[in-house]
Amino acid sequence: MKLALPVVLSMIVSLVYNMVDTYFIALTGVQELVAGVSLVAPMFTLMIAFGDIFGLGGSSAISRLLGEKKDNEAKKTCAFCIWISLVFGLCISAILLLFRTQILGLLGVGKDTYQYANAYYTWIAIGAVSIIFSMVPSNILRTEGLAVQSMAGSIIGSIVNIIFDPIFIFGLNQGAAGAAMATVLGNIIADIYYVYAVMKKSKRLTNVLQSHMKVTGRKIRDILMIGIPASITNIMQTFMMVMTNNFLLTYGTDKVAAMGIALKVNMITALVLVGFAFGGQPLVGYNYGAKNEKRLKNILKF
C-alpha cells in the first residue's frame, strides 16, 4: 500500500488536471477548437506509450537486478533508459513535425478543425521528448521504493499545467496552442524534479546520470520484452480513439468534441486500477529477482 497509494493519488491528480484542462478548453465556446484538440489527443497517449518502452521495461529490469543485489548493473540499466529515452524522444519530435500534414490527415482533421488541431499538434510534437522522458524516471524511482517522490513529480507537473492553462489560453490568447504549451511546460518542470529526485533521493541508483550507460544486448532485450508489450497496450488505446473520432466525424464536429470530453470521464476507474498495478510492479520484480517465491505469490494474490 505504501508503494501503490502514492501512485493512485498521482493518477487521480492527473485525472483532475485532465478534467481542468478540458474545462478551460471548453470555456472558449468554440466547438471546432474542442473537436480539434480531441482529434489530436490520441497523440498524447501515443507519447506515453513510447515512454512506457523504457519506463515500464526499464523499471522491471532494474527492480529484478536490485533483487539480485546487482546494483552496478541496475545503475547502468537506469542510465541507459534515461539517455536513450531522450534520444528516442527527439527522434519522435522530428518525425511528428516532418510528417505533420500526413499525420493530421490520419487523425481525421478537416478544414473546420485544422487551424486548432494543427496549433495543438505542433506544440505536442515539439514537447514530445519531455512527455516520453517523464515516463522513465517516474517509473524508475518506484523501483527503489521512492513512490512519494514519483507522485510529487506528477503533482508538480499537473499543478503547473493547471496554473498556466488559463494564462496561455485566455491571457495570452493562444487558444488550442496555449493548452498544449501548458501541457509541455508542466512536463518539463516535472522532468526537472524527477532528475533531481533520482540524483539526490536515490541511494542505490545515485549519480546515475554520470554512470556508464553501456549495457549488454541481453539486457536491452529484457527491457524491450517488457516495454514493447506495455507500449502496444497504450498504442491500441490510441488507435481506438483515432478510429472512434473518424467514425464520429460523419455526424459533425460537435459529436467529436462531446466524445473527447466523455472519454476523460471514462478514465476515472482505469487510472485508479493502473495506479495499483504500477505500485505493485517494483515489489513483484524485486522478489522475482531475489527468488523469494513465497512472498512473490503473496503479493500477486493480494
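Along each chain, numbering runs from 1 in the same order as the chain's sequence is written. With pLDDT at 70 or above as the cut-off, local features in this predicted model cover only qualifying residues; side-chain atom pairs require 80 or more to be listed or tallied, and sums for whole chains, interfaces and linings still use all residues. No hydrogens and no water enter the side-chain calculation; it runs on all heavy atoms of the structure.

### Notes on the overall build of the chain
Secondary structure is summarised from DSSP: a helix means a run of H or I of at least four residues, a strand means a run of E of at least two, and numbering begins at the N terminus for each. In terms of regular secondary structure, the chain is built from 11 helices and zero strands. Of the regular secondary structure in the chain, the N- to C-terminal order runs α-α-α-α-α-α-α-α-α-α-α. It is over C-alpha atoms that the radius of gyration is taken, and the globule rule equals 2.2 Å times the number of residues to the power 0.38. Its C-alpha atoms give the chain a radius of gyration of 19 Å, within 12% of the compact-globule value 19 Å for 302 residues. Dimensions along the principal axes, computed over C-alpha positions, put the chain at roughly 60 × 40 × 35 Å. Working definition: with a 1.4 Å probe on protein chains only, accessible area under 20% of the residue-type maximum means buried, over 50% means exposed, and in between means partly exposed. Looking at the chain as a whole, 52% of its 302 residues qualify as buried. Counting contacts in the chain only where the partners sit at least 6 residues apart, residues at least 24 apart contribute 82% of the total. With 24 positive and 13 negative side-chain charges, the chain shows a spacing of 12 Å between the two charge centroids. Contacts are assigned to residue pairs that have any heavy atoms within 4.5 Å of one another. Counted charges follow a simple rule, with Lys and Arg positive, Asp and Glu negative, and His plus the chain ends left uncounted. Charge positions are represented by NZ for Lys, CZ for Arg, CG for Asp and CD for Glu.

### Notes on the nonpolar core
Of all hydrophobic cores here, the largest spans 54 residues; its most connected members are Met43, Met47 and Leu96. Among the elements that line this core, the one with the most residues is helix α2 (residues 31–67), at 17 residues. Discounting chain neighbours no more than four positions away, the residues touching leucine 96 are Met43, Met47, Ile103, Tyr121, Ala125 and Ala128. Put simply, buried Ala, Val, Leu, Ile, Met, Phe, Trp, Tyr and Cys residues joined by side-chain atoms within 4.5 Å make one nonpolar core.

### Overview of the pattern of salt bridges
Every case where a carboxyl oxygen of Asp or Glu lies within 4 Å of a side-chain nitrogen of Lys or Arg is listed as a salt bridge. Considering all chains together, one arrives at three salt bridges under this definition. Between aspartate 222 and lysine 219 there is a salt bridge, with its nearest N and O atoms 3.5 Å apart. Taken together, the residues span about one helical turn, with aspartate 222 and lysine 219 both in helix α9 (residues 217–248) at a distance of three residues. You'll find aspartate 222 and lysine 219 in the same group, each marked buried.

### Brief notes about the packing of α2 against helix α6 (residues 128–143)
Two numbers describe how α2 lies on α6: the axes approach to 8 Å, and their chain directions differ by 25°. The pairing of α2 with α6 is recorded here as roughly parallel in orientation. Judged by the sense of rotation from one axis to the other, the crossing of α2 with α6 is right-handed. Following the grouping adopted for this structure description, the nonpolar residues are Ala, Val, Leu, Ile, Met, Phe, Trp, Tyr, Cys and Pro, the charged ones are Asp, Glu, Lys and Arg, and the polar ones are all others, Gly among them. For the contact of α2 with α6, the residue count by class is 14 nonpolar, six polar and one charged. Only the stretch in contact is used when fitting a helix axis, every axis being a line fitted to C-alpha atoms; angles between N-to-C directions are given from 0 to 180 degrees. Any angle from 65 to 115 degrees is called roughly perpendicular, while one under 35 is roughly parallel, one over 145 is roughly antiparallel, and all others are oblique. A crossing counts as left-handed when the near helix is turned anticlockwise from the far one by less than a right angle, and as right-handed when that turn is clockwise.

### Description of unusual backbone geometry
If you check the backbone angles, lysine 69 has positive phi at about 65° while not being a glycine. When its relative accessible area of 60% is taken as the criterion, lysine 69 is described as exposed. The phi dihedral of asparagine 173 falls on the positive side, at around 55°, and the residue is not glycine. According to the relative accessible area criterion, asparagine 173 is exposed, its value standing at 66%.

### Things to note about α2
For a helix, the expected span equals 1.5 Å multiplied by the number of residues minus one. Between its terminal C-alpha atoms α2 stretches 52 Å, which fits the 54 Å expected from 37 residues at 1.5 Å a residue. Bend is computed residue by residue as the angle between axes fitted to the seven residues ending at the residue and the seven residues starting at it. Considering bend angle alone, the principal kink of α2 is centred on aspartate 52 and spans about 45°. Lysine 69 occupies a position one or two residues after α2 and carries a positive phi of about 65°.

### Examining the environment of asparagine 72
Secondary-structure assignment places asparagine 72 in helix α3 (residues 71–98). Counting along the chain gives 112 residues from asparagine 72 to valine 184, while the straight-line C-alpha distance between them is 33 Å.

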